[in-house]
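Residues per chain, in single letters:
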Amino acid sequence: MSYIEVKDLTFSYNEKTNVLEAVNINIEKGEWIAVLGHNGSGKSTLAKTLVGLLEPKEGEIFIDGQILSEESAYEIRKKIGIVFQNPDNQFVGVTVRDDIAFGMENLCIPREEMLSKIDFYAKKVNMLDFLDKEPANLSGGQKQRVAIAGILAMQSDIIIFDEATSMLDPFSREELIKYIKTLHKDGLTIIMITHDINEALLADKILVMNKGKVYAFEETETIMKKKEIFTDSHLELPVSLDIANSLELSDKHKEIREKLWEYALIK
Amino acid sequence: MKSIIIGQYIPGKGMFYKLDPRTKIVAVLFIMISVFLLQTIFQLLIALSVAIILLLIGRISLLKVLKGLKPIMILLIFTFIFQIILNREGTPLISHPMYFTIFTLIFLILAFIIWRVLAKLLRFRFTLFFLFAGSVYVILRFVDFGDALIEPFNFAIYQSGLEMSIFVVIRLLIIITLSTVLTLTTKPTDLTQGIEKLLHPLKRIGFDSESFALIISISLRYIPTIFDEANKIMLAQASRGADFSEGKLKDKLKQVISLLVPMFIIAFMRSEELANAMESRNFVPGEKRTRINELNFNYKDVLATVFSILVLAGSIVLRVI
Ligand SMILES: Nc1ncnc2c1ncn2[C@@H]1O[C@H](COP(=O)(O)OP(=O)(O)O)[C@@H](O)[C@H]1O
Ligand SMILES: [Mg+2]
């Protein structure tokens, strides 16, 4: 059984149109998945059903072998956390320390243990010097890092990023990506919803959503060679990959193709 | 806009900082009640000097407390004047005619212009205001030459009126000083947690003090964010030609609505996202949770509580005998 299994998941906000339809996904432990899809394709809805914020109309979700239901949601949320788009609307605490503590407080973790975990995870996201700062004095990127620390402190090993970089300036965005890379190295399972294809290239696999359905779910290198998947879903490939794909598949161009891939990954 | 101070908390040391917020809330409440029980100016003056001594012991700068008083200075002045004017019992302390002639008018206008010009140039606003008020009195009192515009009228200050107004002002002063000390030395988070713990017994009648405190602390946390947002929207509207400072009442109303509508929509979305973020981190309203901020009640708190109880008892005794 995979670490995360979504089986025939269907969801609807209003009983009429299905926002998610017969979604089937298997994600292994430690994988980094990027989710692409144009606005309204159901990416955020999928993320919310995975953490039990929305209840499926049909289908089942298994996390680490445990089925997600109203009763098990509390247990499952210890394993899976989510960082949302707007850094301001998820900062609950009055200070950084309070915010990292929030999830642990809900889990009734003793104070002493909380204090040491806060130090440990604040250090991990490089926010140790800001523990007493209020959110008004933090940048968007710093707030997102605090959100990560809060999730790590709950001992979750799956993190969903729902366009978590989209409201950040280019520098903070790059920095946050760097932290996500470290999390991946540490063995966490990462589901990164994004509309930035260059970001998606960093993932092991890419999931393309289209009108509530899984349009494609394949290894990054394989999927990037299938131009039609992207044009069908109104997504644009980076120019360098476009060129790489248009080159003949002969050995003559192999080196150039590899260079173009490298270029896309760096960018 | 980034540095809006929430409450008036100023970090520092000294005995008031070391007390448990619950102690401070209860003590301030007790002492406030005591102050309302006192009946003579003399008793109040003693209370005031005790308060000042406590401030000095607690190493709180009087200057900061006075700054805290500034916004309600106007309230104090009006209370004082109303008490004097409205209370007309007992023997008059001063009683003399006042005049209003053509020259009075000219002098008044002159005084007004001088006051406004100086107020623009100098920084001593309050002093200037008092000087102006004083000169109005002197003009009305002594400029009796020239054609009278209205009949001379009598001006009187009665002893009980003066006493009453001094009494009320000192009482207000003490109460405001007390609450300033509380907010000056207690972090907003500690204050809400203190209130939460004090209201905890109300759980029996169905009052969820923990959720109540959480709501307050989240509100505190979002005040600067919302200010920031209002600022951004105002700038955005201004860049489209809106002017928040001038215009007729109708135009102003339009501007305010153009500010309020987006703010409410944003607040609505914000609350939904915040609720999602809290739920995804396993928050369940009304469930038991541990707390990162810990309150500890020690011997200092016992002393402070005993002190405030003694003050309360003392003032009850004074009231009864
Ligand atoms: N709270 C909601 N109530 C009703 N419809 C919603 C709600 N949230 C999203 N939708 C609708 O569901 C669809 C998918 O939205 P969403 O999952 O947010 O897409 P994405 O994140 O891919 O942009 C959209 O058509 C959107 O209008
Ligand atoms: Mg979305």
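Remember, it's a predicted structure, so these values are computed and weren't measured experimentally. Here the residue numbering is sequential within each chain, running from 1 through the sequence in written order. Written order determines the labels here, with chains lettered from A and ligands numbered from 1. For a predicted model such as this one, the threshold for reporting local features is a pLDDT of at least 70, and the threshold for listing and counting side-chain atom pairs is 80 or more; totals across whole chains, interfaces and linings nevertheless cover every residue. Remark: hydrogens and water are excluded; side-chain values derive from all non-hydrogen atoms of the structure.

## Here's the deal with the pattern of salt bridges
- A side-chain nitrogen of Lys or Arg and a carboxyl oxygen of Asp or Glu constitute a salt bridge if their distance falls within 4 Å. Applying the stated criterion to the full structure yields 19 salt bridges over all chains.
- Put simply, R111(A) and E294(B) hold a salt bridge, and the shortest N to O gap is 3.2 Å. Taken as a pair, R111(A) in helix α4 (residues 111-124) and E294(B) in the loop between α11 (249-280) and α12 (299-320) lie in two separate chains rather than in one.
- Salt-bridge contacts for R270(B) lead to E229(B); the nearest nitrogen and oxygen are separated by 2.1 Å. Of this pair, R270(B) sits in helix α11 while E229(B) sits in helix α10 (residues 209-239), and the two are 41 residues apart along the sequence.
- Relative accessibility thresholds used throughout: buried, under 20% of the residue-type maximum; exposed, over 50%; partly exposed, between the two (1.4 Å probe, protein chains only). Among the residues examined, R270(B) registers a relative accessible area of 9% and is labelled buried.
- Its relative accessible area of 13% is what places E229(B) among the buried residues. Note on conventions: DSSP H or I runs of at least 4 residues are helices, E runs of at least 2 residues are strands, and numbering of each starts at the N terminus.

## Some details on the nonpolar core
All names here are of chain A.
- Ranked by size, the top nonpolar core spans 57 residues in total, and within it I100, I148, I159, F161, M224 and F230 carry the most contacts.
- Considering each element in turn, this core owes the most residues, seven residues, to helix α5 (residues 140-153).
- Any two residues whose heavy atoms approach within 4.5 Å at even a single point are treated as in contact. The residues contacting F161, other than those within four sequence positions of it, are V83, I148, I180, L183, I190, I191, M192 and I193.
- The set of buried Ala, Val, Leu, Ile, Met, Phe, Trp, Tyr and Cys residues whose side-chain atoms join them within 4.5 Å is what this entry labels a nonpolar core. Judged by nonpolar contacts, the second largest core, of 33 residues, contains I25, F84, I158 and M209.

## Some remarks on the site of ligand 1
Residues and elements named next belong to chain A.
- In the neighbourhood of ligand 1, the contacting residues comprise Y13, V19, H38, N39, G40, S41, G42, K43, S44 and T45.
- Polar contact is defined as a pair of N or O atoms within 3.5 Å, subject to the rule that within protein one atom must be able to donate a hydrogen and the other to accept it, and that residues adjacent in sequence are counted only when both atoms are side-chain atoms. Here S44 contributes a side-chain N or O atom positioned 2.7 Å from an oxygen atom of ligand 1.
- T45 is positioned such that a nitrogen or oxygen atom in its side chain is 2.4 Å from an oxygen atom of ligand 1.
- Per-residue and other accessible areas were derived by the Shrake-Rupley procedure at a 1.4 Å probe size, with only the shown protein chains allowed to occlude residues. Out of a free accessible area of 560 Å², ligand 1 has 57% covered by protein chains. Residues are counted as near a molecule or strand when any one of their heavy atoms sits within 4 Å of it.

## Remarks on the side chain of E199(A)
Residue and element names in this part refer to chain A.
- Here E199 shows up in helix α7 (residues 197-200).
- Residue E199 is classed as buried on the basis of its relative accessible area of 6%.
- What E199 contacts, discounting residues up to four positions off in sequence, is T165, R173, I177, M192 and T194.

## A word on the interface of chain A and chain B
- Chain A puts 39 residues into the contact, and the matching count from chain B is 28 residues.
- As a working definition, buried area equals the accessible area (1.4 Å probe) given up by two parts on being put together, with both sides summed. Around 3000 Å² of area is buried between chain A and chain B when both sides are counted, 53% of it from carbon and sulfur atoms.
- The largest share of the area that chain A buries against chain B comes from N89(A), E105(A) and R111(A), three residues that together contribute 21% of it.
- The tally of links between chain A and chain B comes to five salt bridges.
- Between E279(B) and R77(A) there is a salt bridge, with its nearest N and O atoms 3.4 Å apart.
- Counting residues per element, the side of chain A that touches chain B draws most heavily on helix α3 (residues 96-106) of chain A, at nine residues.
- The residue classification treats Ala, Val, Leu, Ile, Met, Phe, Trp, Tyr, Cys and Pro as nonpolar and Asp, Glu, Lys and Arg as charged. All others, Gly included, are polar. For the side of chain A that touches chain B, the class distribution of residues is 20 nonpolar, nine polar and ten charged.

## Some thoughts on the domain arrangement of chain B
All names here are of chain B.
- Note: domain ranges come from an automatic or database domain assignment. By domain assignment, chain B separates into domain 1 (16-99 + 152-320) and domain 2 (100-151).
- Averaged C-alpha coordinates put domain 1 and domain 2 at centres separated by 36 Å.
- At the junction of the two partners, domain 1 supplies eleven residues and domain 2 supplies 13 residues.
- Carbon and sulfur atoms supply 73% of the area that domain 1 and domain 2 bury against each other, a total of about 1000 Å² over both sides.
- Counting every contact that joins domain 1 to domain 2 gives zero salt bridges.
- Viewed at the interface, domain 2 and domain 1 are joined by four residue pairs in polar contact (both at pLDDT 80 or more).

## Observations concerning α11(B)
- Residue count minus one, scaled by 1.5 Å, sets the expected span of a helix. With 32 residues, α11(B) extends 46 Å from end C-alpha to end C-alpha; this agrees with the ideal 46 Å at 1.5 Å per step.
- Listing the buried residues of α11(B) in full gives Q255(B), L259(B), M263(B), R270(B), L274(B), N276(B), A277(B), M278(B) and S280(B).
- Those residues of α11(B) hidden inside the fold are in contact with α1 (43-50), β6 (80-83) and α3 of chain A together with α10 of chain B.
- Remark: N282(B) follows α11(B) within two positions and exhibits a positive phi of approximately 70 degrees.

## So, the packing of α5(A) against helix α6 (residues 170-185) of chain A
Residue and element names in this part refer to chain A.
- It is the contact of α5 with α6, at a shortest axis distance of 9 Å, that shows an interaxial angle of 20 degrees. Between α5 and α6, the crossing angle belongs to the class labelled roughly parallel. Crossing of α5 against α6: the hand is right-handed. Between α5 and α6, the contacting residues are G141, Q144, R145, I148 and L152 on the first element and S172, E175, L176, Y179 and L183 on the second.
- Here the residues of the contact of α5 with α6 sort into five nonpolar, three polar and two charged. Axis angles are defined between N-to-C directions and span 0 to 180 degrees, where every axis is a line fitted to C-alpha atoms and, for a helix, only to the segment in contact. By the definition adopted for this analysis, an angle is roughly parallel if under 35 degrees, roughly antiparallel if over 145, roughly perpendicular if from 65 to 115, and oblique otherwise. Here is the rule for handedness: rotate from the far helix to the near one, and if that takes an anticlockwise turn smaller than a right angle the crossing is left-handed, while a clockwise turn gives right-handed.

## Focus: the sheet that holds strand β8 (residues 189-193) of chain A
Residues and elements named next belong to chain A.
- Taken together, six strands build an open sheet; the order of strands is β6-β7-β8-β3-β9-β10 and the sheet is mixed. Since the sheet does not close on itself, it has two edges, and those belong to β6 and β10 (213-219), each with one partner. Ignoring which end each strand starts from, the neighbouring axes of this sheet average 15 degrees apart.
- Taken strand by strand, α5 contacts β6 and β7 (158-162), and its axis lies near 170 degrees from that of β6. Being paired, for any two strands, means DSSP has found at least two bridges between them.

## Considerations on the packing of aromatic side chains
- Each Phe, Tyr or Trp ring (for Trp, its six-membered ring) is paired with any other whose centre lies within 6.5 Å, and the angle between the two planes then decides the class: stacked below 30 degrees, edge-to-face above 60, tilted in between. What the rule picks out here adds up to twelve aromatic pairs over all chains.
- Between F112(B) and F132(B), the aromatic rings sit 6.1 Å apart at their centres with planes inclined by 65 degrees, giving edge-to-face as the arrangement. With F112(B) in helix α6 (residues 102-121) and F132(B) in helix α7 (residues 125-142), the pair connects residues that are 20 residues apart, well separated along the chain.
- F132(B) gets classed as buried once you look at its relative accessible area, which sits at 17%.
- Taken together, the ring pairs connect F112(B), W115(B), F129(B), F130(B) and F132(B) into an aromatic cluster.
- Charge-over-ring placement is defined geometrically: NZ (Lys) or CZ (Arg) within 6 Å of the ring centre, and within 35 degrees of the ring normal. Over the ring of F217(A) we find K205(A); its NZ or CZ atom is 4.3 Å from the centre of that ring.
- The lysine or arginine in question, R116(B), covers the ring of W115(B), its NZ or CZ lying 4.6 Å from the ring centre.

## So, α10(B)
Residue and element names in this part refer to chain B.
- Helix length check: α10, at 31 residues, gives a terminal C-alpha distance of 44 Å against a target of 45 Å (1.5 Å per residue), a fit within 8%.
- Throughout, the bend at a residue refers to the angle made by two axes, fitted to the seven residues ending there and to the seven starting there. Maximal helix bending in α10 amounts to about 35 degrees, located at Y222; proline P224 follows within four positions.
- In the segment just after α10, G241 is the residue with positive phi, at about 100 degrees.

## Considerations on the sheet that holds strand β1 (residues 4-11) of chain A
Residues and elements named next belong to chain A.
- Ordered by their spatial adjacency, four strands build an open sheet running β2-β1-β4-β5, and the pairing between neighbours is antiparallel. The sheet terminates laterally at β2 (20-27) and β5 (66-67), the two strands that pair on one side only.
- Here β1 runs beside strand β4 (residues 58-63); their pairing, made up of five bridges, is antiparallel. Within β4, the position partnered with K7 by the bridge is E60.
- Relative to β1, α1 is tilted by about 120 degrees, and along the sheet it contacts β1, β2 and β4.

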